[in-house]
Amino acid sequence: MSELLDRLKGNVNEAAGKAKRNSDDPETRAEGAAQEIKGKAQQVKASLKAELSSDTK
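Remember, predicted model here, so these are calculated numbers, not experimental data.

Definitions and cut-offs
- Residues numbered from 1 in each chain as written.
- Predicted model: local features only at pLDDT ≥ 70, side-chain atom pairs only at ≥ 80, totals over all residues.
- Heavy atoms only, no water.
- Helix = DSSP H or I, 4+ residues; strand = E, 2+ residues; numbered from the N terminus.
- Expected span 1.5 Å × (residues − 1).
- Buried < 20%, exposed > 50% of the residue type's maximum accessible area, 1.4 Å probe, protein only.
- Contact = heavy atoms within 4.5 Å.
- Polar contact = N/O pair within 3.5 Å; in protein donor to acceptor, adjacent residues only side chain to side chain.

> Please clarify how helix H2 (residues 26–56) should be interpreted in this entry.
The periodicity of an α-helix, 3.6 residues per turn, causes residues three or four places apart in sequence to face the same way. Taking 1.5 Å per residue, 31 residues should reach 45 Å; H2 reaches 45 Å between its end C-alpha atoms and fits that length. By the burial criterion, the buried members of H2 are Gly32, Gln35, Glu36, Gly39, Gln42, Gln43 and Ala46. Where H2 is buried, its residues touch helix H1 (2–21).

What follows is the structure, encoded as structure tokens:
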């Protein structure tokens, strides 16, 4: 279940980051890029959790 939550958080962060990257403010664009990377990292974390849990079953 925590994999699903991590995947959901990742999707939200990616979407928010992409929205911020369309801003006219350079600082907001930089925040968006960082948030998008954070979202992708959360996606990887979810994938790893799912893989590890399937290996132990």
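Read on for the rest.
> Any chance you could explain the environment of Asn13 here in plain terms?
Mapped onto the elements of the fold, Asn13 is located in helix H1. Between the alpha carbons of Asn13 and Gln42 there is a distance of 8.7 Å; along the sequence they are 29 residues apart. Setting aside chain neighbours within four positions, we find Asn13 in contact with Gln35, Glu36, Lys38, Gly39 and Gln42. Separated by 3.0 Å, the side chains of Asn13 and Gln35 make a polar contact.

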